[in-house]
Amino acid sequence: MKFRFGFTNETGAASKFLETAPFTVLPPDPNASVQLDLGDQFIFAGAAGDKGEIFAMSMTTGEAIRVSPDSLGADCPVVSHDGRRILFVGNSDVWVMKSDGSEMRRVMPRPSDDAWFHRCPSWSPDDKRFVWVTMVPMVKQPSPGAIYLVDVETGAATTLMTGSNFSSADWSPDGQHILVGANQYTDGGPYDFSVSVLRLDGTKISQVAASTWGASWAPDGASFGYLCGESVLSLCVADTTGANVRLVTDSVYSKPYWSPDGGRIAFIGNGGVYLVSVDGRARRMLYPVKPSFDITWSPDARRIAWACGGGSNGNDICRIGADGTGFFRMQTTVSAAQITWPPLM
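Notes on the structure in this doc start here. Note that this is a predicted model, so its numbers are computed, not measured.

1. Here's the deal with the sheet that holds strand S19 (residues 215-217)
Part 1 of the reasoning: On the basis of which strands lie adjacent, the open sheet formed by four strands has the order S19-S20-S21-S22 and antiparallel pairing. Among the strands making up the open sheet, the edge pair consists of S19 and strand S22 (246-250). Going across the sheet, the axis of each strand differs from the next one's by a mean of 20°, ignoring polarity.
Part 2 of the reasoning: The pairing of S19 with strand S20 (residues 223-228) spans three bridges and is antiparallel. Bridging across to S20, Ser216 finds its partner in Gly225.

2. Remarks on the pattern of salt bridges
Part 1 of the reasoning: Taken as a whole, this structure holds eleven salt bridges when the rule is applied.
Part 2 of the reasoning: Taking the shortest distance from any N to any O, the salt bridge between Arg246 and Asp239 comes out at 3.0 Å.
Part 3 of the reasoning: Two residues, Asp279 and Arg281, come together in a salt bridge whose shortest N-O distance is 4.0 Å.
Part 4 of the reasoning: Residue Asp279 is classed as partly exposed on the basis of its relative accessible area of 47%.
Part 5 of the reasoning: Classification of Arg281 by relative accessible area gives exposed; the value is 76%.
Part 6 of the reasoning: A cluster of three or more residues bridged by salt bridges with shared partners is formed by Arg85, Arg105 and Glu153.

3. Focus: the sheet that holds strand S31 (residues 335-340)
Part 1 of the reasoning: Taken in spatial order, the four strands line up as S5-S4-S3-S31 in an open sheet, and their pairing is antiparallel. Every interior strand has two partners, whereas the edge strands, strand S5 (64-66) and S31, have only one. Put simply, the sheet's adjacent strands are angled 35° from each other on average, direction ignored.
Part 2 of the reasoning: Summarising the sheet, strand S3 (residues 41-47) and S31 pair through four bridges and their orientation is antiparallel.

4. A look at the state of the cysteines
Part 1 of the reasoning: Applying the stated criterion across every chain, the model contains three disulfides.
Part 2 of the reasoning: Each sulfur in the disulfide pair Cys228 and Cys236 lies 2.0 Å from the other. Given an S-S torsion of about 80°, the disulfide between Cys228 and Cys236 has right-handed geometry. Of the two residues, Cys228 and Cys236, both sit in the buried class.

5. A short note on the nonpolar core
Part 1 of the reasoning: Ranked by size, the top nonpolar core spans 18 residues in total, and within it Ala266, Val273, Ile295, Trp297, Ile304, Trp306 and Ile320 carry the most contacts.
Part 2 of the reasoning: With three residues, the single largest contributor to this core is strand S28 (residues 303-311).
Part 3 of the reasoning: By size, the runner-up hydrophobic cluster in this structure holds 15 residues, among which are Val89, Val96, Val107 and Phe130.

6. Some details on the layout of surface pockets
Part 1 of the reasoning: For the second largest pocket, the calculated volume is near 200 Å³.
Part 2 of the reasoning: Along the wall of the second largest pocket there are 16 residues; nearest its centre are Met161, Ala182, Gln184, Ser194 and Gln207.
Part 3 of the reasoning: Elements with a contribution of two residues or more to the lining of the second largest pocket: strand S14 (157-164), strand S16 (177-186), strand S17 (189-199) and strand S18 (204-209).
Part 4 of the reasoning: No other element matches the five residues that S16 contributes to the lining of the second largest pocket.
Part 5 of the reasoning: Residue composition of the lining of the second largest pocket, by class: five nonpolar, nine polar and two charged.

7. Some thoughts on the packing of aromatic side chains
Part 1 of the reasoning: Inspection of the entire model under this criterion finds eight aromatic pairs.
Part 2 of the reasoning: Pairing Trp217 with Phe224 gives two aromatic rings, centres 6.3 Å apart and planes at 85°, and the pair type is edge-to-face. Note on accessibility: Trp217 and Phe224 belong to one class, buried.
Part 3 of the reasoning: Taken together, a centroid distance of 6.2 Å and an interplanar angle of 40° make the contact between Trp306 and Phe327 tilted. Remark: Phe327 occurs in the loop between strand S29 (314-321) and strand S30 (328-332) and Trp306 occurs in strand S28; sequence separation between them is 21 residues. Residue Trp306 shares its accessibility class with Phe327, and that shared class is buried.
Part 4 of the reasoning: A network of ring pairs unites the aromatic residues Trp217, Phe224 and Tyr226 as a single cluster.
Part 5 of the reasoning: Residue placement shows Arg283 over the ring face of Tyr274; its charged tip is 4.7 Å from the ring centre.

Definitions and limits used
- Residues numbered from 1 in each chain as written.
- Predicted model: local features only at pLDDT ≥ 70, side-chain atom pairs only at ≥ 80, totals over all residues.
- Heavy atoms only, no water.
- Pairing = 2+ DSSP bridges.
- Helix = DSSP H or I, 4+ residues; strand = E, 2+ residues; numbered from the N terminus.
- Axes fitted to C-alpha atoms, helices over the stretch in contact; angles between N-to-C directions.
- Salt bridge = Lys/Arg side-chain N within 4 Å of Asp/Glu carboxyl O.
- Buried < 20%, exposed > 50% of the residue type's maximum accessible area, 1.4 Å probe, protein only.
- Disulfide = S-S within 2.5 Å.
- Core = buried A, V, L, I, M, F, W, Y, C linked by side-chain atoms within 4.5 Å.
- 1 Å grid on protein atoms, 1.4 Å probe; cavity = no way out; pocket = protein on both sides within 12 Å on 5 of 7 lines; lining within 4 Å.
- Points joined across faces, edges and corners; volume = space filled by probe spheres on them.
- Nonpolar A, V, L, I, M, F, W, Y, C, P; charged D, E, K, R; others polar.
- Phe/Tyr/Trp six-rings, centres within 6.5 Å; stacked < 30°, edge-to-face > 60°.
- Lys NZ or Arg CZ within 6 Å of the ring centre and 35° of its normal.

Shown next, in the form of structure tokens:
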């Protein structure tokens, strides 16, 4: 079976079209490996059949490799900060493998059979632990769940917090805090969205009211961005303590995606992908394309990529320079999501 990838430049003309070699399934031999060049790869979750799988695709040649077995229904790939390992969720359990696809093992099973709903894990800065959210999905009522801190090597898990309707949990860049998104749910609908900063012992430092799901750390860990506003969804930034809340820009329809240098934020806005400076003074549309909600920055902050809707098989992968030049659309027969641009090794 072969997968085809087409490339379209910013003029809309097809610049080249190629047919890749078949995707390579991770071999059962634990000592075997698939060689990946992470400096030239996107890691993403894709659906090529009934179940999701993890793929690595060259951003220059379009050649792709499947690095997770198709039996796991894999999603949520997250590359470690040192680029050596990938966490992902398969069959509602957390797994880890080396970045070349070898030595895959289950780190943490879901806490119960009915707690199959999850959020993507988030690595600690030293790559020794991760934070993970699981919930028991309920219809029109609170979904009970828990947030765990898990040791990658041993699988030992500590419960950070229990509650309901957690939308995210992300480890701070300085390793000291966890950013948690949540909401209340009653009378048939969600309300009272909030973003909290927790210490690693579960005590709360701050909490701010939010408008909907979606929050993320600034690269220095001293502040975080989240969606605020009442009549118009907007982007706000607050200090870790919850103080110094400032409005950055309005008409924002995704979580904020910070540039690695912390100076700019990418987001989904009206009809396209936008960039705004953290002080809100410089905002512009990067490209008017139907977007999904997965944006990733290159490690050097010169380019961004995202899962772009409107493809013949679901989401394609789009890439553009942070200066608005060099747009490419990578057309694929798998519907892409949860794209990660690994760190340079």
